[in-house]
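# Structural overview for review
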Amino acid sequence: MPEIKVTPLGAGQDVGRSCILVSIAGKNVMLDCGMHMGYNDDRRFPDFSYITQNGRLTDFLDCVIISHFHLDHCGALPYFSEMVGYDGPIYMTHPTKAICPILLEDYRKITVDKKGETNFFTSQMIKDCMKKVVAVHLHQTVQVDEELEIKAYYAGHVLGAAMFQIKVGCESVAYTGDYNMTPDRHLGAAWIDKCRPDLLITESTYATTIRDSKRCRERDFLKKVHETVERGGKVLIPVFALGRAQELCILLETFWERMNLKAPIYFSTGLTEKANHYYKLFITWTNQKIRKTFVQRNMFEFKHIKAFDRAFADNPGPMVVFATPGMLHAGQSLQIFRKWAGNEKNMVIMPGYCVQGTVGHKILSGQRKLEMEGRQILEVKMQVEYMSFSAHADAKGIMQLIRQAEPRNVLLVHGEAKKMEFLKQKIEQEFHVNCYMPANGETTTIFTNPSIPVDISLGLLKRETAIGLLPDAKKPKLMHGTLIMKDNSFRLVSPEQALKELGLAEHQLRFTCRVHIQDPRKEHETVLRVYNHLKGQVFPFFFYPPRNGLELIILR
Amino acid sequence: MKLRYCLSGHPTLPCNVLKFKSTTIMLDCGLDMTSTLNFLPMPLVQSPRLSKLPGWVLKDGSTFLDKELKECSGHVFVDSVPEFCLPETELLDLSTVDVILISNYHCMMALPYITEYTGFTGTVYATEPTVQIGRLLMEELVNSIERVPKAQSASMWKNKEVQRLLPAPLKDAVEVSMWRKCYTMPEVNAALSKIQLVGYSQKIELFGAVQVTPLSSGYALGSSNWIIQSHYEKVSYVSGSSLLTTHPQPMDQASLKNSDVLILTGLTQIPTANPDGMVGEFCSNLAMTVRNGGNVLVPCYPSGVIYDLLECLYQYIDSAGLSNVPFYFISPVANSSLEFSQIFAEWLCHNKQTKVYLPEPPFPHAELIQTNKLKHYPSIHGDFSNDFKQPCVVFTGHPSLRFGDVVHFMELWGKSSLNTVIFTEPDFSYLDALAPYQPLAMKCVYCPIDTRLNFIQVSKLLKEVQPLHVVCPEQYTQPPPTQSHRTDLMIDCQPPPMSYRRAEVLTLPYKRRYEKIEIMPELADSLVPLEIKPGISLATVSAVLHTKDNKHVLQLPPKPPQPPASKKRKRVSDDVPECKPLKPLLSGSIPVDQFVQTLEKHGFSDVKVEDTAKGHIVLLQEAETLIQIEEDSTHIICDNDEPLRKQGSIF
């Protein structure tokens, strides 16, 4: 029986290092190629030796698909393609293709230049890797080869994020990447058509959360920032350069404008300007409101938000700083955090999910004494706030997507095991489909039962459907035909045509039975009576009406 | 069988309807605007010259038309709101059109007439750039006509009896009864709201019967050719395609292969001009005029070739010493057009895409604007009049010279021989466009830039994609009327193309013989294939046919229902299929020896075989049965019912 096999190399009952292998109808596809923020050793990249021990990855994989530019979805790509070695096609959307190399370069710089790691991918490798990338449009059907086709859908989440449908013949898998089912201040909501995949692989970051309305969260966020600034404190908002940052910038920009606030807002690193430029050039990927008004007013041109300089961190007085990266695991956000952590007037707002092992995760789980590099202990006195602004679908959103796509099976990745368990039950209860949640390295096999497409001769079909047009049209009808199987083609034709095509003559089988009937009536009348009687019976016989009034022929 | 209705005779502004597998598909709805050339220009400011024109008087001296027709520069023009020639609306009931496929923004200008006036209830498919820029073109059109209120709407001259008496070209104007005034913005918005956005290579299912797919055509931002196909037939609709590398994504030729029918429209209107040469001539004429202290007027559409011209000028102005000459782009949609051009990275050629990845704006006009070399204004009123410096270069519409800001500049600059008007758009004859402005002192240069396919490229394309049949407008099957010796300026292919003309219905030659049907896995499992010939197997299929949304599925027939426990007669359930008798498929001849052996095995001991002329007769004396065996028939004759069953089991 045909089957689909799925093995997560990363993101199996875990968040980070997304990398999922899918085998469908003899084709092997790798979904995402991410790194893990929580590790600095081998575990940060997926174990590609799992795919093939000896032999080239290119021979084994038909294609690689990257869902969006976050490093936990594309961070291992240059390592995978240039250091392990893969020369096949890599598919991603245009914005992802544009932004991905910049984030990779940023990541490389932090790892190599700041932490002094060797044996890491180089700038040239990032460039060479990007040469293997084929950019795809939304809804475009990309023919990877003659049988394998993929199609991208809008996923919200970040600029250029996409869900992908992978299809071979009539079997298909849909992979959501990270997605968001509610439109936010700069992006639209994820959407997929009723594609009825055999398997839907969905993220489940917020498997158990049902979030309150966005408006409340925004009001809360603004209130907290405002209060801190009013009392002269500094607000640190660790973000990734692209994504939430733009949404929160739009939010603060409009608030500052409305309230006529004077405290400076800064955005760290040189990425800002560049990042906003990407949003301007790829404005067709943002939400409808921004797209509609961009000619009059481009939402990504900020008046109140200025570039940050390292020296500003020591300035007296209130300020708001957006700094990268978002999980406080390295770079500028961590530096500023160390400077400001000791003052209880200050505040750090974590607007997104933090992976285990990062400073962000530690302070969010209540830890207030942190061991830093060199055994230093950092005491955190500043206020720590968590606000879920990450654009992942919550439980309600995940259910909504399943309802949209109508999959036959669901597989959860990119979430925590406990929460997945809960969602899995809910999905199985509500949709009566199987739901799987394999751990990393564990293979899930799903049996599919595809129907077989054949060619039916138009003559036969028309004959059959013409019968269907009779008054009793709704009632199903039995049809008879002959299936000709030759090489790999299947054709359904009428029995007569099949014989004709194969040059065979029909063999006629007749059966004659003599029956003695005693009847006082005239010969002619008797025959007619017998005929009328038999005609009324449902028998698998052909009846020929009496000819010449003398003979009744029954043929089987 | 497919029928094609041709609703527009204009080869570059097509409007055709295709009936294909029970769907009715309209291909483009182009609006023929050449009709406006018969009207007087609409000046933005009171023009003493145009307002004092004498009314036209018939030869017999009757003056009943002098309000409607004016004599100007030796020609007669209609003094009225300009009107456009609509596609045919009577040839078929347009409310039955299921979908409209748009190939590029120039070919959708009649959309509001179709969607708002014919009872159309279907969907329109187009790419995002096509819709956005198409909206700008319509907005500009509506705006330039509505801003000059004209009380008069002439209709008397259209009377057939009257038209006969008029001088050419009014006398020969065709379909004047179909001419209509411009639509309004609410109608434009209503029409555009019926559009569904699509991307290149997106497969769109129509009612489960037909699949349509837009392909990049290389002509303009978002321009597309369309594939219309079922499982067994493929129609390619090629409209406005280009193989030149300008700003749009290159043309997708490979996907056009294996077409049964290829409909070819929208070839270049100026087959003898080389676009590159024309751009060179454009630049040198522009530079010369400006150097001599004159102004340059470029009548143009607000999107399209203007992007390429600005890019050429960007590279050219410094070397030509034109850095201080202001460039003005005047259109109600100038700003939008320039902004929109920068956000369609995915629809651009490779070079421009790479720039976006940096991230830099793909078109250099961003820099021209930043450095104040290019300025754009919604109209000549307002800021423009303060900033206006001469000598300068003005890009403005409409290319017909009948409405829009261009009319003002023609009146303003026409009298000086220092100035030049350069025609780059190929849609209007420049001499006809200039007619109401004659006599002119200003220089007129004709540099039509039409990047669409020429006949050499077409014949190469056809050799490459090899369609079974080519269908095209009749204009492409003969040399242009003015150059009848140029037999190279027509489509040359084998078999010769089928041609069409306005208001004609064409039956396309192709007949399909098969249809897709799906066999459910349970049914497939139950089939018993029999190898009849080496490599060929047959299986008899008896199944229930389900047809839904034009998809056919064969299912295992349900098991016969259990006889009801109660004696009460139940109505036959709807699920039980009506049994049409199955006639088993029998073929071949019966090997007599084997047959006899089998009979003996079944206990017939007294089998007797007689040879006849055509075969054998087998006699079973005890059973009083006679079996006639011939090459392709077997006849069993008996008296008793019982052996019959056994006979059946042997077969």
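Residues numbered from 1 in each chain as written. Chains lettered and ligands numbered in written order. Predicted model: local features only at pLDDT ≥ 70, side-chain atom pairs only at ≥ 80, totals over all residues. Heavy atoms only, no water.

- Under an unreviewed UniProt entry, chain B has the name Integrator complex subunit 9 and belongs to Calidris pygmaea.
- In UniProt, chain B has this text filed under Sequence similarities (unreviewed entry): "Belongs to the metallo-beta-lactamase superfamily. RNA-metabolizing metallo-beta-lactamase-like family. INTS9 subfamily." (UniProt positions renumbered as here; feature names shortened; annotations may be inferred.)

- For chain A, an unreviewed UniProt entry supplies the name Integrator complex subunit 11 and the organism Calidris pygmaea.
- We quote the UniProt Cofactor (unreviewed entry) comment for chain A here in full: "Zn(2+)".
- Listed under Sequence similarities (unreviewed entry) in UniProt, the entry text for chain A is "Belongs to the metallo-beta-lactamase superfamily. RNA-metabolizing metallo-beta-lactamase-like family. INTS11 subfamily."

## Examining the overall build of chain B
- Per the secondary structure count, chain B includes 17 helices and 32 strands.
- Expected size for 651 residues packed as a compact globule is a radius of gyration near 26 Å; at 36 Å, chain B overshoots this value by more than 25%.
- Considered along the principal axes of its C-alpha atoms, chain B spans approximately 120 × 65 × 65 Å.
- A separation threshold of at least 6 residues defines the contact pool for chain B, and within that pool the share at least 24 residues apart is 70%.
- Summing over all exposed atoms, chain B offers an accessible surface of approximately 28700 Å²; the carbon and sulfur share of this is 51%. (Helix = DSSP H or I, 4+ residues; strand = E, 2+ residues; numbered from the N terminus. Rg over C-alpha atoms; globule rule 2.2 N^0.38 Å. Contact = heavy atoms within 4.5 Å. Areas by Shrake-Rupley, 256 points an atom, 1.4 Å probe, with all protein chains shown as cover.)

## Things to note about the confidence of the model for chain A
- Model confidence for chain A is summarised by a mean pLDDT of 87, while 92% of its residues fall at 70 or above.
- Low pLDDT, under 50, characterises residues 538-556 of chain A; the stretch is placed with 32 contacts to residues that sit more than four places away or in other chains. (pLDDT = per-residue confidence, 0-100.)

## A look at helix H12 (residues 406-413) of chain B
- Burial analysis of H12(B) places six of its eight residues in the buried class, the great majority of the element.
- Every buried residue of H12(B) is listed here: B:Val406, B:Val407, B:Phe409, B:Met410, B:Glu411 and B:Trp413. (Buried < 20%, exposed > 50% of the residue type's maximum accessible area, 1.4 Å probe, protein only.)

## Observations regarding the pairing of strand E10 (residues 171-175) of chain A
Residue and element names in this part refer to chain A.
- By the criterion of burial, E10 is predominantly enclosed, with five of the five residues buried.
- What you see with E10 is no split at all: Glu171, Val173 and Tyr175 on one side and Ser172 and Ala174 on the other are buried throughout.
- Here strand E9 (residues 162-168) runs beside E10; their pairing, made up of five bridges, is antiparallel. Within the sheet, the bridge partner assigned to Ile166 lies in E10 and is Val173.
- Two successive antiparallel strands, E9 and E10, enclose a turn made up of two residues, where Gly169 displays a positive phi of approximately 60 degrees. (Pairing = 2+ DSSP bridges.)

## What to know about the pairing of strand E24 (residues 505-508) of chain B
Residue and element names in this part refer to chain B.
- Burial along E24 is one-sided: the residues Leu506 and Leu508 are buried and none of Val505 and Thr507 is.
- As paired elements, strand E1 (residues 2-6) and E24 share four bridges and run antiparallel to each other. The partner of Lys2 across the bridge, within E24, is Leu508.

## Quick word on the interface of chain B and chain A
- The partner chain A presents 71 residues to the 86 residues of chain B that form the contact.
- A combined buried area of about 7300 Å² lies between chain B and chain A, and 61% of that area is made up of carbon and sulfur atoms.
- Three residues, B:Glu346, B:Tyr357 and B:Tyr514, lead the burial of chain B against chain A; their summed loss comes to 10% of the area buried on that side.
- The interface formed by chain B and chain A holds two salt bridges in total.
- As a salt-bridge pair, A:Asp455 and B:Lys516 come within 2.8 Å of each other at their nearest N and O atoms.
- Inspection of the chain B/chain A interface yields 20 residue pairs in polar contact (both at pLDDT 80 or more).
- Breaking the side of chain B that touches chain A down by element, the ones donating at least two residues are helix H8 (334-341), helix H9 (350-356), strand E25 (514-519), helix H15 (521-526), strand E26 (530-533), strand E27 (536-548), strand E28 (551-555) and strand E32 (633-638) of chain B.
- Classifying every residue of the side of chain B that touches chain A by side-chain character gives 44 nonpolar, 21 polar and 21 charged. (Buried area = accessible area lost by both parts, 1.4 Å probe. Salt bridge = Lys/Arg side-chain N within 4 Å of Asp/Glu carboxyl O. Polar contact = N/O pair within 3.5 Å; in protein donor to acceptor, adjacent residues only side chain to side chain. Nonpolar A, V, L, I, M, F, W, Y, C, P; charged D, E, K, R; others polar.)

## Focus: unusual backbone geometry
All names here are of chain B.
- Residue Pro359 follows Leu358 across a cis peptide bond; omega there is 0 degrees.
- Turning to its location among the elements, Pro359 is positioned in the loop between H9 and helix H10 (365-370).
- The omega torsion of the bond from Gly397 to His398 falls at 10 degrees, within 30 degrees of zero and hence cis.
- Along the chain, the position of His398 falls in the loop between strand E19 (393-396) and H12.
- Of note, Lys21 is a non-glycine position whose phi angle comes to about 50 degrees, a positive value.
- The residue Lys21 is located in the loop between strand E2 (16-20) and strand E3 (23-27) in this model.
- Assessed through its relative accessible area of 16%, Lys21 is described here as buried.
- You will see that Ala503, though not glycine, has its phi angle at about 65 degrees, which is positive.

## Considering the nonpolar core
- In this structure, A:Ile201, A:Phe221, A:Phe337 and B:Phe395 are the most contacted members of the largest nonpolar core, which totals 280 residues.
- With near-sequence residues (within four places) excluded, A:Ile201 lies in contact with A:Val6, A:Ile20, A:Val22, A:Leu31, A:Val173, A:Ala174, A:Tyr175, A:Thr176, A:Leu411 and A:Val413. (Core = buried A, V, L, I, M, F, W, Y, C linked by side-chain atoms within 4.5 Å.)

## Some points on the UniProt feature "domain: Beta-Casp" (unreviewed entry) in chain B
- Within the UniProt annotation, "domain: Beta-Casp" (unreviewed entry) is assigned to residues 306-434 of chain B.
- With 39% helix and 12% strand, the stretch residues 306-434 of chain B has end C-alpha atoms that lie 21 Å from each other.

## Topic: the sheet that holds strand E17 (residues 327-330) of chain B
All names here are of chain B.
- One open sheet accounts for six strands, arranged E18-E17-E19-E16-E20-E21; its pairing is parallel. Single-partner strands in this sheet number two, and they are strand E18 (374-377) and strand E21 (443-446). On average, each strand axis in the sheet is inclined to that of its neighbour by 20 degrees, with strand direction left out of account.
- In the packing of helix H7 (residues 305-316) onto the sheet, contacts are made with E17, E18 and E19, and the angle to E19 comes to roughly 165 degrees. (Axes fitted to C-alpha atoms, helices over the stretch in contact; angles between N-to-C directions.)

## Re the sheet that holds strand E5 (residues 90-93) of chain A
Residues and elements named next belong to chain A.
- Pairing is mixed across the open sheet formed by seven strands, whose spatial order is E6-E5-E4-E3-E2-E1-E22. One side of each edge strand has no neighbouring strand; the edge strands of this open sheet are strand E6 (133-136) and strand E22 (444-447). The sheet shows a mean angle of 25 degrees between the axes of neighbouring strands, direction not considered.
- Taken together, the four bridges between strand E1 (residues 3-10) and E22 define a ladder with antiparallel strand orientation. Among the inter-strand pairings, Val6 is bridged to a residue of E22, identified as Thr444.

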